[in-house]
Amino acid sequence: MTYLLLPFTFLALALGGAIFGFFYAWVCSTMWGHDAADPRVAIQTMQAMNASVRNIVFAPAFFGATIVLIATAALAFRSGRRRAAMAFAAAAVIYFSGGLMLTMAVNVPMNEALAEITVPENTERAKEIWSTYSSKWQVFNQIRTVASMATLILTGAGVYTLWRTAA
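The text that follows walks through the structure, step by step, so that each part is easy to find.

The rules behind each value
- Sequence order sets the numbering: in each chain, residues are counted from 1 along the sequence as written.
- The model is predicted, so local features are restricted to residues of pLDDT at least 70 and side-chain atom pairs to those at 80 or more, both for listing and for counting; the totals for chains, interfaces and linings are taken over all residues.
- Calculation of side-chain values draws on the structure's entire complement of heavy atoms; hydrogens and water are dropped beforehand.
- The working definition used for a salt bridge is a side-chain nitrogen of Lys or Arg within 4 Å of a carboxyl oxygen of Asp or Glu.
- Only DSSP runs of H or I with at least four residues qualify as helices, and only runs of E with at least two residues qualify as strands; both kinds are numbered from the N terminus onward.
- Think of it in three bands: residues with accessible area under 20% of the maximum for their type are buried, residues over 50% are exposed, and the middle band is partly exposed, with areas taken using a 1.4 Å probe on protein chains only.
- Here, nonpolar core means buried Ala, Val, Leu, Ile, Met, Phe, Trp, Tyr and Cys residues that are tied together by side-chain atoms lying within 4.5 Å of each other.
- By definition, residues are in contact when any of their heavy atoms lie within 4.5 Å.
- For a helix, the expected span equals 1.5 Å multiplied by the residue count minus one.
- Values of bend correspond, residue by residue, to the angle between axes fitted over the seven residues ending at that residue and the seven starting there.
- In this analysis, rings of Phe, Tyr and Trp, with Trp reduced to its six-membered ring, are considered paired at centre separations within 6.5 Å, and the interplanar angle assigns stacked below 30 degrees, edge-to-face beyond 60, and tilted for intermediate values.
- Counting as a charge over the ring demands two things of the Lys NZ or Arg CZ atom: a distance within 6 Å of the ring centre and an angle within 35 degrees of the ring normal.

## Structural notes on the pattern of salt bridges
Phase 1 of the analysis: A complete count under the given rule lists three salt bridges for this structure.
Phase 2 of the analysis: One salt bridge in this structure joins R54 and E112, with 3.7 Å as the shortest N-O distance. Here the residue R54 occupies a position in the loop between α2 (39–52) and α3 (59–78), and E112 occupies one in helix α4 (residues 82–115), the gap between them amounting to 58 residues.
Phase 3 of the analysis: Taking the shortest distance from any N to any O, the salt bridge between E128 and R125 comes out at 2.6 Å. Taken together, the residues span about one helical turn, with E128 and R125 both in helix α5 (residues 123–166) at a distance of three residues.
Phase 4 of the analysis: The exposure class assigned to R125 is partly exposed, which follows from its relative accessible area of 40%.

Given below as structure tokens:
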């Protein structure tokens, strides 16, 4: 069982880093770029980006992080490394609630509603649609970014704890 702990630990760290980086990029560049663009373009590109994110490259980090973190916590616990197990378990709970579930409950429905919109030719109407969408979407994205950062930090703490106990 202990031999599985190392690969699961690295996988948990990689998936946590990937999902944090994904959400973080939306905070510090993507949404600011959309907000600076013509609102008609912002709506169109956001619709395209939201449609493209449902793919085989994104899915492992988004859906798999919780599963891998739980498995890593269980493996650490069964190996007698309870502190590391607690860090991995806390990371799983935080990502599941503040990343995965928040996304499914708020951001995805907002994205689906935006997908139904035909981009108006009127710039003022497009600006109204975009600013309403963007401001709310960004608040929840910042929450899931912080949750994902906490997940990555806790995963790192779990790795560190494993290393310290192994040394």
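## Observations regarding the nonpolar core
Phase 1 of the analysis: Judged by nonpolar contacts, the single largest core of 23 residues is most densely connected at I19, F62, L69, A76, F88 and Y95.
Phase 2 of the analysis: Among the elements of the structure, α1 (2–36), α3 and α4 are those that each provide at least two residues to this core.
Phase 3 of the analysis: Ranked by residue count, the leading element in this core is α3, at eight residues.
Phase 4 of the analysis: Aside from chain neighbours lying at most four places away, what touches F62 is I19, F23, Y95, G99, L100, T103 and M104.

## Digging into α1
Phase 1 of the analysis: With 35 residues, α1 should reach 51 Å at 1.5 Å per residue; the first-to-last C-alpha distance of 51 Å fits that figure.
Phase 2 of the analysis: Of all the bends in α1, the greatest measures close to 45° and is centred on W26.

## Section: the packing of aromatic side chains
Phase 1 of the analysis: Evaluation of the coordinates by the stated rule reveals ten aromatic pairs.
Phase 2 of the analysis: Ring centres 4.8 Å apart and planes at 80° place the aromatic pair F62 and F63 in the edge-to-face group.
Phase 3 of the analysis: When the centroid spacing of 5.3 Å and the interplanar angle of 40° are considered together, the rings of W130 and Y133 count as tilted. Of this pair, W130 and Y133 both sit in helix α5, three residues apart, roughly one helical turn.
Phase 4 of the analysis: Residue Y133 is classed as buried on the basis of its relative accessible area, which comes to 6%.
Phase 5 of the analysis: Ring pairs connect the aromatic residues F22, F23, W26, F58, F62, F63, W130, Y133 and W137, which therefore count as one cluster.
Phase 6 of the analysis: For the cation-ring pair, R82 lies above F77, with the distance from its terminal atom to the ring centre recorded as 4.6 Å.

This is a description of form; function is not addressed.
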